[in-house]
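Listed below, chain by chain, are the residues.
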Amino acid sequence: MKLFTCLYGYIRFLIVIIQNIYVIPCYLVINWVFLLPLRLIKPSLFYKIENNLYSWTLYVVSSWSWLAGIQVFELGVNLSEIAPNNKRKPKFLVVSNHQSTADVPLVMYNMTSHPELIKMWVISAEFKYTNFGPVSLTHEDYFLSQKRYVKGDLVKHCLGLGDQRKNCYVLFPEGGFRYKRIQTSDSFAAKNGLPSLKRVVWPRYGAFEELADVRLGVTHIVDLTILYADQDKTLSIIDIAKGIRREPVYFVYRVFELDCDDDDDDDVSPITDGSPQNELRHTARNRLNLEWLQNLWKEKEQLIEDFYSDQENFFQTYGNGRPIDLSYSKLFFIHIFFISIMTAIILSLYTLYILIAHVLFS
């Protein structure tokens, strides 16, 4: 049985590598070769096509978790149900805790249930050199280097986006994986008279402050808490690729709608039925400071502690969650599309090689 499990894991890992080989190059070639004239002539149409291709690429990445039996459940506010307020289309700033290499692909998986969100990720500069880095670069994501960070660069990047339809910024304010930052977080807490956190680490404020800049038009702060079955043994990207750990992951959403500057940010109004998991909170924009973010992380710490200490009571409060599922037919179509494009590219390159060889050696 153990031999079969290992064999299954390595076969799945090989399949993931193969899918990377044909999906990512196809996305890049289509955008940087086939659609380059369109990008120069009609950028709006180019970015619509690019975003669809990006969504399909994320769908493939999401399928690795889904087909591995890793089921994501969404609890709390449903982002798709947030209606425009005062004729303003919602624009979200998602802030999440960060625990492992599985966080990003699982957030991608979760976001497949919200196709209306056009995302821009704020991710570590090291991500640029991964297999998915060129895709993120093409999609105009922001690579954050803590050593080279200059205040104002992130706002400038967002204002200069070619695709101004982006309506969801995704940020991990903790600045790294929890297990790597515990010691630094404890030192920061000791120096600043803050309590030591067990379940999360203290967030960094710089990127959050810039993304909350009024010029970017964010209308809602979305607090996302990722809950693994075992926080001391979280899933990793390798576990997802091998598919040998079938377990649920819970995404808890709390949403704060930004109001005009005032002194009252305690008002709570429900989106639908007023039950705890569906409450939309309101906060004044001028309250978005370091203290506000730190208080949010204190609440996140308590939420995670409640989950691990008494799950029965936790699910009574938040409900069992909305399972996120993908479509076999859509996944099949996406793979056929990318395989067809890759086949066409290979045949074109081979034909070009034959023609060049014929000219040179005939």
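Figured I'd write up the structure that's included with this text. (Residues numbered from 1 in each chain as written. Predicted model: local features only at pLDDT ≥ 70, side-chain atom pairs only at ≥ 80, totals over all residues. Heavy atoms only, no water.)

1. Considerations on the environment of Leu-235
In plain terms, the rule: Secondary structure elements are defined from DSSP: runs of H or I of at least 4 residues count as helices, runs of E of at least 2 residues count as strands, and each element is numbered from the N terminus. Throughout, exposure labels follow a simple rule: accessible area from a 1.4 Å probe, protein chains only, divided by the maximum for the residue type, with under 20% read as buried, over 50% as exposed, and the rest as partly exposed. By the convention used here, residues are in contact when the closest approach between their heavy atoms is within 4.5 Å.
Residue placement: Leu-235 occurs in the loop between strand 6 (220-228) and helix 9 (237-242). The buried category is assigned to Leu-235, whose relative accessible area is 0%. For Leu-235 and Leu-106, which are 129 residues apart along the polypeptide, the C-alpha to C-alpha distance reads 9.9 Å. Setting aside anything within four residues of it in sequence, one finds Leu-235 in contact with Ile-70, Ser-100, Ala-102, Leu-106, Tyr-228, Arg-245, Glu-247 and Val-249.

2. Remarks on the pattern of salt bridges
Our working rule: What counts as a salt bridge is simple: a side-chain nitrogen of Lys or Arg found within 4 Å of a carboxyl oxygen of Asp or Glu.
For the coordinates displayed, the defined rule picks out 12 salt bridges. The residue Glu-74 makes a salt bridge to Arg-322 at a minimum N-O spacing of 2.9 Å. Taken together, the positions of Glu-74 in strand 1 (residues 71-76) and Arg-322 in strand 10 (residues 322-323) put the pair 248 residues apart, joining distant regions of the chain. Look at Arg-322 and you get partly exposed, because its relative accessible area is 26%. Here Lys-300 ties to Asp-223 by a salt bridge, and the two come within 2.4 Å at their closest N and O atoms. One end of the pair, Lys-300, is in helix 10 (residues 290-309); the other, Asp-223, is in strand 6, and 77 residues separate them in sequence.

3. Thoughts on the pairing of strand 7 (residues 248-259)
Put simply, the test is: DSSP calls a pair of strands paired once it identifies at least 2 bridges connecting them.
Most of strand 7 sits inside the fold, with 10 of its 12 residues counted as buried. Sheet topology places strand 1 next to strand 7; 6 bridges connect them, and they run parallel. Bridge pairing in strand 7 links Val-72 to Val-249. Pairing between strand 6 and strand 7: 9 bridges, direction antiparallel. By the bridge assignment for strand 7, Val-222 is matched with Val-255.

4. Observations regarding the nonpolar core
Stated formally: Only buried Ala, Val, Leu, Ile, Met, Phe, Trp, Tyr and Cys residues count toward a nonpolar core, and they belong to the same one when joined by side-chain atoms within 4.5 Å.
In terms of nonpolar packing, the biggest core is built from 64 residues, with Leu-106, Val-107, Trp-121, Phe-132, Val-249 and Phe-251 touching the most fellow members. Residue contributions to this core peak at 10 residues, all from helix 3 (residues 43-67). Among all residues touching Val-107, those that are not within four sequence positions of it are Trp-121, Phe-172, Leu-224, Ile-226 and Phe-251. One finds Leu-161, Trp-202, Val-252 and Phe-307 within the second-largest nonpolar core, a separate group that totals 43 residues.

5. A closer look at the layout of surface pockets
Our working rule: Method remark: on a 1 Å grid restricted to protein atoms, a set of points is classed as a cavity if a 1.4 Å probe fits but cannot get out and as a pocket if it is open with protein on both sides within 12 Å along at least five of seven lines; lining residues have an atom within 4 Å of a point. Grid points are joined across faces, edges and corners, and a volume is the space filled by probe spheres set on the points. In this count, Pro and Cys sit with the nonpolar residues alongside Ala, Val, Leu, Ile, Met, Phe, Trp and Tyr, while Asp, Glu, Lys and Arg are called charged and the others, Gly among them, polar.
Its volume calculated, the largest pocket comes out at about 1200 Å³. If you trace the largest pocket, you find 41 residues lining it, with His-98, Ile-123, Ser-124, Glu-126 and Phe-127 closest to the centre. Among the secondary structure elements, those contributing two or more residues to the lining of the largest pocket are helix 1 (2-34), helix 3, helix 4 (103-111), strand 3 (119-124), helix 7 (178-192), helix 8 (206-211) and helix 9. Looking at which element gives the most residues to the lining of the largest pocket, the answer is helix 1, with 4 residues. For the lining of the largest pocket, the class distribution of residues is 24 nonpolar, 12 polar and 5 charged.

6. A look at unusual backbone geometry
Backbone geometry places Glu-140, a non-glycine residue, at a positive phi of 70°. Here Glu-140 lies in the loop between helix 5 (133-138) and strand 4 (142-144). Among the residues examined, Glu-140 registers a relative accessible area of 12% and is labelled buried.

7. Considering the side chain of Arg-245
Rules: Think of a polar contact as two N or O atoms within 3.5 Å of one another; within protein, one of them needs to be a possible hydrogen donor and the other a possible acceptor, and neighboring residues in sequence only count if both atoms come from side chains.
When you line up the elements, Arg-245 lands in the loop between helix 9 and strand 7. Accessibility expressed as a relative area gives 16% for Arg-245, which makes it buried. Here Thr-234 takes part through its backbone oxygen, which lies 3.3 Å from a polar atom of the side chain of Arg-245. Every residue in contact with Arg-245, bar those within four places of it in the chain, is listed here: Ala-68, Ile-70, Lys-233, Thr-234, Leu-235 and Asp-239.

8. A look at the packing of helix 3 against helix 4
As a reminder, the rule being used: Axis lines are fitted to C-alpha atoms, over the contacting stretch for helices. Their N-to-C directions set the angle, which ranges from 0 to 180 degrees. Oblique is the label for any angle not under 35 degrees, not over 145, and not in the 65 to 115 range, which are roughly parallel, roughly antiparallel and roughly perpendicular in turn.
The N-to-C vectors of helix 3 and helix 4 enclose an angle of 105°; their axes lie 8 Å apart at closest approach. It follows from the interaxial angle that helix 3 and helix 4 lie roughly perpendicular. Between helix 3 and helix 4, the residues in contact are Leu-58, Val-61, Ser-62, Ser-65 and Trp-66 and Pro-105, Leu-106, Met-108 and Tyr-109, respectively. Here the contact of helix 3 with helix 4 is built from residues that sort into 7 nonpolar, 2 polar and no charged.

9. Let's talk about the packing of helix 1 against helix 12 (residues 328-361)
How we decide: By convention, the crossing between two helices is left-handed when the near helix turns anticlockwise from the far helix through less than a right angle, and right-handed when the turn is clockwise.
Interaxial distance between helix 1 and helix 12 falls to 9 Å at its minimum, and their mutual angle equals 70°. Classified by the angle their axes make, helix 1 and helix 12 are roughly perpendicular. Our pair here, helix 1 against helix 12, has a crossing hand that is left-handed. Every residue of helix 12 that contacts helix 1 at Gln-19, Ile-21, Tyr-22, Val-23, Pro-25, Cys-26, Tyr-27, Val-29, Ile-30 and Phe-34 is listed here: His-335, Phe-337, Phe-338, Ile-339, Ile-341, Met-342 and Ile-345. Of the residues in the contact of helix 1 with helix 12, the class split is 15 nonpolar, 2 polar and no charged.

Remember, this is a structural readout, not a statement about activity or role.
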